[in-house]
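Survey of secondary and tertiary structure
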Amino acid sequence: MSDLTLETPLVSRPDAPAAPAPGYWKSVGQRLLADKTTMAVSLVLLGILFITLGAPLVTHYDPYHGSVLGRLKPIGAPGHWLGTDETGRDLWTRLCYGGRLSLLAAIMPVTISLIVGGFLGILAGYAGGIVGTLIMRTMDVFYAFPSILLAIAICGLLGNGLSNSIIALAVVFIPPMVRVSETVTAQSRNLDFVEAARASGTTTMQIIRYHVLANVLGPIMVYATSLISVSIILSAGLSFLGLGVTPPRAEWGLMLNSLRQAIYVQPYVAALPGLMIFATSMCFNLMSDGFRSAMDIRLNK
Amino acid sequence: MADTASTPVLRVEDLTVRFTRRNTDVAAVNGVDFSLKAGETLTILGESGSGKSVSLKALMGLLPAYAGISGKVWLNGQEILGLPAAALAKLRGGAVSMIFQEPMAALDPVYTIGEQIAETIVQHEGCDNRTAMKRALGLLEQVKIPSAERRLKNFPHEMSGGMRQRAMIALALACKPGVLLADEPTTALDVTVQIQILLLLRQLQEELGMAIVFVTHDVGAAAEISDRIAVMYAGRFVETGTTRQVMRQPMHPYTRGLLSSTVHGGMRGRALETIPGSPPNLAELPPGCAFAPRCRYAADACRRDIPVVTTETGAMARCVRAAELMPA
Amino acid sequence: MSASLEQDPRDRGGPAQPLLIVDNLRKHFPVRGGLLNRQVATVQAVDDVSFSVRKGETLGIVGESGCGKSTTARLLMRLMEPDAGSVIFDGDPVGDRRGISVSDMRRQMQMVFQDSYTSLNPRMTMAESIAYAPRMHGLGRKEAYDRAEDLLSRVGLNPRQYARRYPHELSGGQRQRVNIARALALEPRLVILDEAVAALDKSVEAQVLNLLTDLKQSLNLTYLFISHDLNVVEYMSDRVMVMYLGRVVEAGPVDAIYRRPRHPYTRALFASKPTLDPDRRTTQMPLTGDPPNPIDPPSGCRFRTRCAFAQPRCSESLPPLAAPFDGDTDASHVVACHIPEAQSAMAVHHG
């Protein structure tokens with residue numbers, strides 16, 4: 001039957017690349033590398049990760065040890081290049097160690113909501129019908145409360161502390177996560193290629209694994225990344241209100257609260273934890289945008 | 001005063017459109033010439049990506065800002081390419097108007113059909129609303145919309161596909177245009193509705209004497225409506241002639257391929273003659289004849305330049321070998 | 001995948017037994033609306049459709065939008081559940097304890113969709129898409145990819161050039177070739193082509209039609225060819241079924257239908273076809289208005305509201321699909337019309 005190819009000759013499109021295309025994730029990686037903003041943002045985030053996780057490498061001070069004499073030193077003071085806080089602890093050290101809890105308190109809720117919400121959303125989106133309706137209407141109940149109020153209420157109920165703040169934020173993030181994953185799954189369920197896979201007689205689990213997940217995980221991950229930027233602000237907010245991490249432990253939101261009184265004495269020093277919150281949140285947001293455009297396979301058409 | 005029957009209402013000379021963005025340079029239209037008299041229909045026949053719709057949009061000034069348009073276009077003797085936006089807007093819907101493949105995209109969903117037609121009339125002629133509404137009713141009757149009075153108060157989504165197409169034609173005719181540009185107006189319609197719209201356009205042209213530029217990929221629709229056909233490939237007219245000339249004695253190998261690969265009655269049991277390959281990438285057009293890579297008659301000369309071959313009957317083909325390939 | 005002219009081992013009933021018998025297939029969609037989301041109307045998308053497909057033939061289904069031809073295809077593939085009716089595949093009732101399961105049926109019956117782009121997973125290469133179904137059905141990775149490459153060359157695409165490409169890197173015609181290859185990956189006996197060439201340019205359409213004809217011969221396939229294009233259906237089909245608003249109005253051998261259409265709708269449909277002859281242009285509108293909405297269609301014969309020959313009894317009862325009694329058509333040419341006299345008169349008039 002090789003003569004069939006001769007009967008229906010096919011000139012290759014001149015614009016088609018001669019070399020075979022790279023794999024999907026490889027091409028996503030290439031586009032990410034070519035995106036200057038995302039690369040710069042990733043470098044900043046890596047830097048933040050390094051100074052927080054590797055805090056003992058970048059500072060030799062103890063984050064809990066202060067000095068009465070060395071309180072509220074300005075930026076650039078000898079020995080304390082970012083100054084000191086209201087009990088005389090080195091601010092650079094506190095920022096580095098504080099980042100650990102801030103990032104943990106921000107990323108953990110998103111991870112939990114990604115697993116729980118993603119599962120529920122994909123289930124609701126693919127199954128549809130009664131299961132879908134049940135899940136989605138339950139989520140709608142949570143939407144009735146403003147997210148920050150809901151988080152405060154849950155924290156108030158469970159008491160303060162790091163794990164309770166993580167639980168509270170996870171509960172807040174699950175409904176939007178379910179909604180996003182439900183939407184993208186429901187859309188992909190009706191795509192012709194999913195129908196074609198159903199028509200080829202493969203099982204529902206196989207279809208979800210090969211066709212739905214690959215097309216759904218991308219958008220969900222992008223959304224999760226952007227949620228981290230919200231999560232950083234919310235978790236810092238909970239700590240600021242005294243509902244999250246408890247003193248004397250270092251955490252950016254908590255530091256912002258305790259430096260609040262010093263705002264007229266050392267305004268720049270007092271603003272530093274806020275700056276860290278803002279910068280980290282911003283970076284995650286920009287990174288999520290970068291992922292979004294790198295994953296859009298149609299852009300490089 | 002020149003004789004209106006012989007002066008073209010629309011004349012286009014060397015129309016070129018390029019889309020330049022970032023690192024791509026797409027040569028969508030590469031030198032299109034034609035002229036059109038009142039009451040005449042020219043069909044631009046071409047496949048997707050041939051530049052036929054882009055040409056129409058360039059005439060209407062509907063292309064995005066990054067499109068580089070050059071050439072000359074005269075409408076009733078007035079040069080219109082490069083006119084300021086306000087003057088162009090005045091022409092649109094006035095002396096020249098356009099109908100589209102998707103009437104839903106051209107009609108505003110929040111106004112009734114009557115309101116939209118009346119609004120156009122008021123804007124271009126400055127008459128009062130009552131007169132305009134009366135004219136709108138007349139237009140709906142002219143495009144044979146049954147129970148026009150009631151339909152005047154319908155929103156676009158309340159009408160069927162064929163009815164919407166008629167309503168859009170009525171809207172386009174509101175200010176008695178001299179030139180009607182039709183961009184695949186029958187493509188999305190069912191066969192039984194398609195023929196109704198074609199017949200309607202033919203009849204309206206007889207009544208109103210306007211010139212029509214009809215863009216389509218459908219050979220059947222072209223045969224039904226046109227006086228002349230221009231076959232477009234890779235942004236160029238590769239062949240022009242009367243409908244009879246193009247359909248009966250195609251000179252260009254592409255036209256022949258297109259006609260022979262169009263399935264029609266009585267071809268059962270025979271393998272279809274096809275054009276191998278797919279249309280060229282407009283960002284990397286080959287030098288010379290763009291059809292040469294797919295053409296079974298291609299010679300070396302085809303890769304250099306493309307001569308324009310004209311017969312004594314007025315047909316034109318851009319092909320080195322047109323003369324020898326011409327049917328006896 | 002050897003091209004076999006000898007007996008297919010899967011062939012159970014022999015050549016005389018139809019490959020597919022569809023009996024009174026029905027799908028009605030409820031239209032909900034109003035305050036309490038009540039059912040306010042019914043779309044009778046497919047209403048008591050019966051037909052059979054013989055082994056090795058191409059049955060064409062033709063009709064305008066809303067006639068139910070695509071819904072029929074989806075019902076056959078069980079992409080949606082029919083409300084009523086039975087499907088018998090080579091003697092085995094589908095989804096019946098005595099017959100074969102839906103998934104067994106799907107191994108032998110495959111479908112090609114209209115939109116070549118959306119019917120391919122954008123994140124899978126061509127070879128992955130084609131190899132997917134065989135792999136899921138238990139074929140080894142290596143064997144599945146070998147089969148994919150073999151199929152790519154069968155549909156006229158060089159596997160070395162195209163196996164690792166993504167859908168957006170191919171032209172519409174090339175993608176549709178891949179979709180055909182994918183449909184063939186399970187070595188089906190019946191392929192449903194649902195408007196498979198409708199979105200292609202004419203020159204590419206001809207290439208794909210030639211390919212389909214070649215594949216049918218070399219692989220011993222049976223086609224259900226669904227299209228709105230009368231010329232393409234005539235070219236491809238051995239028998240033709242004309243649908244209007246969810247019902248079959250006429251069916252029979254292609255020559256009988258195209259040379260001597262009996263139903264007033266079929267006649268109007270053919271008369272609407274552009275003539276392709278500038279000297280014999282259409283001058284009369286064969287029909288006025290659009291096909292009516294399939295929501296709550298007219299009583300009795302569904303075409304009566306647009307039919308020039310409609311009589312009172314056309315609104316009273318549904319005309320059965322039967323061979324007309326005027327003796328000059330063969331029994332396989334069936335028409336659903338109450339008034340064969342009017343047709344004869346019309347046939348004389350037009351003939």
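Okay, so let's go over this structure. (Residues numbered from 1 in each chain as written. Chains lettered and ligands numbered in written order. Predicted model: local features only at pLDDT ≥ 70, side-chain atom pairs only at ≥ 80, totals over all residues. Heavy atoms only, no water.)

**A few points about the overall build of chain A**
Secondary structure summary: chain A contains 12 helices and 0 strands in total. For chain A, the succession of helices and strands along the chain, N to C, is α-α-α-α-α-α-α-α-α-α-α-α. In terms of its C-alpha atoms, chain A occupies a principal-axis envelope of roughly 90 × 50 × 25 Å. Classification of the 301 residues of chain A by burial places 48% in the buried group. Chain A carries 19 positive and 15 negative side-chain charges, and their two centres are separated by 6 Å. (Helix = DSSP H or I, 4+ residues; strand = E, 2+ residues; numbered from the N terminus. Buried < 20%, exposed > 50% of the residue type's maximum accessible area, 1.4 Å probe, protein only. Lys, Arg positive; Asp, Glu negative; His and termini not counted. Charge placed at Lys NZ, Arg CZ, Asp CG, Glu CD.)

**Focus on the interface of chain C and chain B**
Across the contact, 44 residues belong to chain C and 46 residues belong to chain B. In this assembly, chain C packs against chain B so that about 3,600 Å² is buried in total across both faces, 54% of it on carbon and sulfur atoms. When residues of chain C are sorted by the area they lose upon contact with chain B, Tyr235, Leu276 and Arg281 of chain C head the list and together hold 19% of the total. For the interface between chain C and chain B, the tally reads 4 salt bridges. With a shortest N-O distance of 3.6 Å, arginine 268 of chain B and aspartate 238 of chain C are connected by a salt bridge. For the side of chain C that touches chain B, the elements supplying multiple residues, two or more each, are helix H7 (202–219) and helix H8 (230–236) of chain C. Ranked by residue count, the leading element in the side of chain C that touches chain B is H7 of chain C, at 8 residues. Of the residues belonging to the side of chain C that touches chain B, the class tally is 16 nonpolar, 16 polar and 12 charged. (Contact = heavy atoms within 4.5 Å. Buried area = accessible area lost by both parts, 1.4 Å probe. Salt bridge = Lys/Arg side-chain N within 4 Å of Asp/Glu carboxyl O. Nonpolar A, V, L, I, M, F, W, Y, C, P; charged D, E, K, R; others polar.)

**A closer look at empty space enclosed by the protein**
If a probe as big as a water molecule is rolled over the atoms, it shows which places are left empty. Residues and elements named next belong to chain B. In this structure the tally under the stated criterion is 7 cavities of 30 Å³ or more. Its boundaries defined by the atoms lining it, the largest cavity holds a volume of some 70 Å³. Forming the walls of the largest cavity are 13 residues, and the residues nearest its centre are Pro253, Cys289, Cys295, Cys302 and Cys319. The residue inventory of the lining of the largest cavity, partitioned by class, reads 10 nonpolar, 1 polar and 2 charged. (1 Å grid on protein atoms, 1.4 Å probe; cavity = no way out; pocket = protein on both sides within 12 Å on 5 of 7 lines; lining within 4 Å. Points joined across faces, edges and corners; volume = space filled by probe spheres on them.)

**Here's the deal with unusual backbone geometry**
Glycine aside, negative phi is the norm for most residues, and most peptide bonds take the trans geometry. For the bond running from proline 247 of chain A to proline 248 of chain A, omega is 10°, close enough to zero to count as cis. Phi at asparagine 76 of chain B is positive, roughly 50°, even though this residue is not glycine. Tracing the backbone through its elements, the reader meets asparagine 76 of chain B in the loop between strand E4 (67–75) and strand E5 (78–79). One non-glycine residue with positive phi stands out, namely leucine 245 of chain C, at about 45°. If you trace the backbone, leucine 245 of chain C turns up in the loop between strand E9 (239–244) and strand E10 (247–253).

**What to know about the nonpolar core**
Counting 68 residues, the largest nonpolar core has Ile180, Leu209, Leu212, Leu215 and Phe225 of chain C as its most contacted members. Examining the composition of this core, we find that 8 residues originate from one element, H7 of chain C, more than from any other. Counting residues in each nonpolar core, the second largest holds 59 residues, with Leu45, Leu234, Ala250 and Met255 of chain A among its members. (Core = buried A, V, L, I, M, F, W, Y, C linked by side-chain atoms within 4.5 Å.)

**Some remarks on a nonpolar patch on the surface**
Together, Leu104, Met108, Ile112, Ile115 and Val116 of chain A give the surface a local cluster of nonpolar side chains, amounting to about 390 Å² of exposed area. Residue class for isoleucine 112 of chain A comes out partly exposed when judged on its relative accessible area of 31%. (Patch = residues over 30% accessible without salt bridge, like charges linked within 9 Å, V, L, I, M, F, W, Y side chains within 5 Å. Areas by Shrake-Rupley, 256 points an atom, 1.4 Å probe, with all protein chains shown as cover.)

**Structural notes on the sheet that holds E4 of chain B**
Strand order in the open sheet made by the 4 strands is E2-E1-E4-E5 (chain B), with antiparallel pairing throughout. Of all strands in the sheet, those bounded by a partner on one side alone are strand E2 (24–36) and E5 of chain B. (Pairing = 2+ DSSP bridges.)

**Some words on the side chain of threonine 311 of chain B**
For threonine 311 of chain B, the location among the structural elements is in the loop between strand E11 (309–310) and strand E12 (316–317). Using a relative accessible area of 14% as the deciding quantity, one classes threonine 311 of chain B as buried.

**Points about the sheet that holds strand E11 (residues 334–335) of chain C**
Residue and element names in this part refer to chain C. If you trace the 7 strands from one edge of the open sheet to the other, you get E6-E7-E8-E3-E9-E10-E11, paired in mixed fashion. Two strands lie at the open edges of the sheet, namely strand E6 (109–112) and E11, each paired on one side alone. Strand direction decides the pairing type here: E6 and strand E7 (residues 190–194), joined by 4 bridges, are parallel. Bridge pairing links glutamine 110 to valine 191 in E7. Lying on the sheet, helix H6 (residues 172–184) is in contact with E6 and E7; it crosses E6 at an angle near 170°. (Axes fitted to C-alpha atoms, helices over the stretch in contact; angles between N-to-C directions.)

**As for the packing of aromatic side chains**
This model, assessed by the stated rule, comprises 11 aromatic pairs over all chains. Here the aromatic rings of tryptophan 81 of chain A and tryptophan 92 of chain A are separated by 5.1 Å at their centres, their planes lie at 55°, and the arrangement is tilted. Of this pair, tryptophan 81 of chain A sits in the loop between helix H4 (55–58) and helix H5 (91–127) while tryptophan 92 of chain A sits in helix H5; the two residues are 11 residues apart in sequence, bridging distant segments of the chain. Accessibility expressed as a relative area gives 49% for tryptophan 81 of chain A, which makes it partly exposed. On the basis of an interplanar angle of 50° and a centroid distance of 4.4 Å, the ring pair of tyrosine 244 of chain C and tyrosine 265 of chain C is categorised as tilted. Remark: tyrosine 265 of chain C occurs in helix H10 (residues 264–271) and tyrosine 244 of chain C occurs in strand E9; sequence separation between them is 21 residues. A cation sits over an aromatic face here: arginine 179 of chain A above tyrosine 143 of chain A, 4.2 Å from the ring centre. (Phe/Tyr/Trp six-rings, centres within 6.5 Å; stacked < 30°, edge-to-face > 60°. Lys NZ or Arg CZ within 6 Å of the ring centre and 35° of its normal.)

**Some words on the pattern of salt bridges**
In this structure the tally under the stated criterion is 37 salt bridges over all chains. Between aspartate 90 of chain C and lysine 55 of chain C there is a salt bridge, and its shortest N-O distance comes to 2.9 Å. One end of the pair, aspartate 90 of chain C, is in the loop between strand E4 (84–89) and strand E5 (92–93); the other, lysine 55 of chain C, is in the loop between strand E2 (38–53) and strand E3 (58–62), with 35 residues separating them in the sequence. Aspartate 90 of chain C sits in the buried class, given a relative accessible area of 3%. The network of salt bridges with shared partners includes Arg244 and Arg248 of chain B together with Asp277, Asp279 and Arg280 of chain C.

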